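# A closer look at the structure
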Amino acid sequence: VQLQASGGGLVQAGGSLRLSCAASGRFSNYVMGWFRQAPGKEREFVAGINFSGDFKYYTDSMKGRFTISRDNAKNTVYLQMNSLKPEDTAVYYCAAQFESPPVQYTNYAKYLYWGQGTLVTVSS
């Protein structure tokens, strides 16, 4: 599975962005996740979604602002980000892990495939 993230850019605080992650190759039965890494900080989990799309998991600080979704017909997962804050500035990565219960959404070591990252910059 190869992942290509896109949609990052510069946005003012309070604005919105939608990130996309297109997958090539086998997409079936993969949990998808979004992580982010700010300069000088560790990579952190943002959101995850199971293959069928009926279960979503978010880091508490993103709940209500970020929405993860997927379109399996298009092999694409999305991250809609609203009410962006300067502290959301980071490189955002999409990642995939095979859906094998129990799924550990927040554990980056469980994700086998990673996209190249897309930079989101939120200005104050």
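See above for the structure.
Residues numbered from 1 in each chain as written. Predicted model: local features only at pLDDT ≥ 70, side-chain atom pairs only at ≥ 80, totals over all residues. Heavy atoms only, no water.

## Examining the packing of aromatic side chains
Aromatic ring pairs: the centre-centre distance and the angle between the two ring planes describe each pair. Note the cut-off: Note on aromatic pairs: the rings of Phe, Tyr and Trp (six-membered ring only in Trp) are paired at centre separations within 6.5 Å, and the planes decide the class, stacked below 30 degrees, edge-to-face beyond 60, tilted for the rest. Going along the chain from the N terminus, every DSSP run of H or I of four or more residues is numbered as a helix, and every run of E of two or more is numbered as a strand. For the exposure calls, accessible area comes from a 1.4 Å probe over protein chains only, and a residue counts as buried if that area is under 20% of its type's maximum, exposed if over 50%, partly exposed in between.
Evaluation of the coordinates by the stated rule reveals 10 aromatic pairs. Measuring from ring centre to ring centre gives 5.5 Å for Phe35 and Phe45, while their planes differ by 75°; the resulting arrangement is edge-to-face. Highlighted residues: Phe35 in strand β4 (residues 30–37) and Phe45 in strand β5 (residues 44–49), separated in sequence by 10 residues. Each member of the pair, Phe35 together with Phe45, is buried. Ring centres 6.0 Å apart and planes at 25° place the aromatic pair Tyr57 and Tyr105 in the stacked group.

## Focus: the pairing of strand β9 (residues 90–98)
Cut-off, in case you're wondering: A pair of strands counts as paired when DSSP detects no fewer than two bridges linking them.
Most of β9 is tucked away, with 7 of its 9 residues classed as buried. Summarising the sheet, β4 and β9 pair through 8 bridges and their orientation is antiparallel. Bridge pairing in β9 places Met32 opposite Ala96. As paired strands, β9 and strand β11 (residues 118–123) are joined by 3 bridges and run antiparallel to one another. Its bridge partner lying in β11, Tyr92 is registered against Thr118.

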